[in-house]
Amino acid sequence: MAAQGFNQELRQKQTQSQVLAPQLRHSLKILQVAAQDLNITIQEELQTNPSLEEMPMDGVSLDDGTLNGSDGENPEQESASQNEELKFDETFEILSKIDQDWRDHLSEASSGQSFTSEDAERRDHFFDSLVTETSLQEHLLSQASLSDISAKECEAIEYLVGSLDNNGFLNTSLSDLALFSGMSLGEMQSAHQTLKSFDPPGIGAFDLQDCLATQLELQGLRNSDAYEMVQNHLKLLTRRRIPDITRKMGINSDEVQAAIDDIALLDPAPGRRFSEDTNRSVLPDVVVERDEDKWKVTLNSDYIPRLRISPSYKEMIAKGQLSPEEREYIQEKMRSGKFLISSIEQRQQTIERIANEIVKIQVAFLEDGVAKLKPCTMTQVAETVRVHETTVSRAIANKYIQTPHGIFDMKFFFTPGYKGGGGEDISNTSVKGMIQQLVSNEEPTKPLSDQGIVALLKEKEINIARRTVAKYREELGILPSNLRRQY
């Protein structure tokens, strides 16, 4: 048999790939960051770029020539610098062509169509990817690093934290984790007890019963009726067998109700709170107010320092007394400064255009409140303001609108919805409001089941699945009917 031979050869292959320039990446960051973070970014640039100057806050606007760096520049130098300048408006158009992996999550239904649960899940996944908040894992590992524990125990806690599910429950046995990590079971058990002392209360529990019991222990209620109910009669409680609980515990109905009220204050899923930001001081980027018979959009630019290119550096270049290296350094800093100024202008213009479109769509909300919120998609707004959905997504990330009904995250106004009986579009936020109202008005001794809520919504010609009602109820923090019942 002849031996098989192997040949080596060099081949050239031409491929196309899209590489984002550092300056464009910087402009995307400026478009997406929150107001406070933008101020920090600008201050950092002022410290590292000597060609930039901060103008007085009074008497300067985004459209002022001093802001875009064109004041005092002679025509000859201006012409030379224009040849070197990045054409910002053209470069910024790349926004409409980048991030292919995001676009799969942006194929939402066009305006006027009902949204499916898959559309809602894609929207939620997309929005969740916009803003990087402190995760549950980061929150717990930060506490571990500040705790007076050994390096070995801290390592064990890392294994535990990595095994938590979205609810904050431990879904792997301690013996398995000890085996995987090469640690002893005793070391893993000790680390687990430390983890359960961390915030949020109930974290690291094995199941709902363990979670609720741990929270009661941390509150010093180990000897309470509520603790006994959780430990010994939780199944009866979930099955609404209140008379059986009363008999087995040997207490009256008022004491049972008091224990249920204590349990209702506990968090059944302590890990979920990290899926959204619940405690952040925000600065509105846009203010919407009524101006006679129309709604007026005003940008809040108070947090943005007014910038210009320093005239002294322009003069240094105009005199022609610099070495080639010095001239190149200053020109590079001036280009960087002008791009920053243009990026800020583009950011503000984009936010303003999107805000104006939101106001046009959500007039009913501005007039009557959340119950009148209309369904709205990023595709719908992007087509109107003539940008890509990725531009809209970045522009609304971390941005807030002040309205007569309070300050709202801009993404609050992008919501799927349903068709009402009269053919009108109803957002899922409005449906949640209806569910909240129905529960608020229910008879405490006969609380509405999820199926009962479905039936009442159907009377209003809003067809919604029971599992969707259950999902919305959980998002609203409303307990199941058996835990809301009073006796």
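For the structure, check the block above.
Residues numbered from 1 in each chain as written. Predicted model: local features only at pLDDT ≥ 70, side-chain atom pairs only at ≥ 80, totals over all residues. Heavy atoms only, no water.

Chemist: Before we go on, may I ask you to explain the overall build of the protein chain in this structure?
Modeler: Within the protein chain, the regular secondary structure consists of 23 helices and eight strands. By residue count, 44% of the 487 residues in the protein chain fall in the buried class. Intrachain contacts of the protein chain at a sequence separation of at least 6 include 67% that bridge at least 24 residues. Summed over its atoms, the accessible surface of the protein chain is roughly 26,700 Å², and 46% of this surface lies on carbon and sulfur atoms. (Helix = DSSP H or I, 4+ residues; strand = E, 2+ residues; numbered from the N terminus. Buried < 20%, exposed > 50% of the residue type's maximum accessible area, 1.4 Å probe, protein only. Contact = heavy atoms within 4.5 Å. Areas by Shrake-Rupley, 256 points an atom, 1.4 Å probe, with all protein chains shown as cover.)

Chemist: I tried to follow the sheet that holds strand 3 (residues 294–299) on my own but got confused; where do I start?
Modeler: The strands making up a sheet associate through hydrogen bonds between their backbones, and the pairing can be parallel or antiparallel. As summarised here, the arrangement of the four strands in space is 3-2-5-6, forming an open sheet in which the pairing is mixed. The open sheet has two free edges, formed respectively by strand 3 and strand 6 (406–409), since each of these has just one partner strand. On average, each strand axis in the sheet is inclined to that of its neighbour by 25 degrees, with strand direction left out of account. Contacts between helix 16 (residues 324–361) and the sheet are confined to strand 2 (286–291), strand 3 and strand 5 (400–403), with strand 3 contributing the most and set at about 160 degrees to the helix. (Pairing = 2+ DSSP bridges. Axes fitted to C-alpha atoms, helices over the stretch in contact; angles between N-to-C directions.)

Chemist: Just checking my understanding: could you explain helix 22 (residues 466–475) for this structure?
Modeler: Since the α-helix turns once every 3.6 residues, residues separated by three or four places project in the same direction. For helix 22, every residue scored as buried is listed here: T468, V469, A470, Y472 and R473. After helix 22 finishes, the residue G477 shows a positive phi value of roughly 75 degrees.

Chemist: Honestly, the pattern of salt bridges in this entry has me stumped. Any pointers?
Modeler: Two side chains with opposite charge may pair up if their charged atoms get near one another. Counted according to the given criterion, the structure contains twelve salt bridges. Residue K196 pairs with D210 through a salt bridge whose shortest N-O separation is 3.0 Å. Of the two residues, K196 sits in the loop between helix 10 (185–195) and helix 11 (208–218) while D210 sits in helix 11, which places them 14 residues apart along the sequence. Here the two residues K196 and D210 agree in accessibility, since each one is buried. Between D285 and R347 there is a salt bridge; the shortest N-O distance is 3.8 Å. Of this pair, D285 sits in the loop between helix 14 (253–264) and strand 2 while R347 sits in helix 16, placing them 62 residues apart in sequence. The same class applies to D285 and to R347, which are both buried. Each of E328, E332 and R335 takes part in salt bridges that share partners, so that together they form one network. (Salt bridge = Lys/Arg side-chain N within 4 Å of Asp/Glu carboxyl O.)

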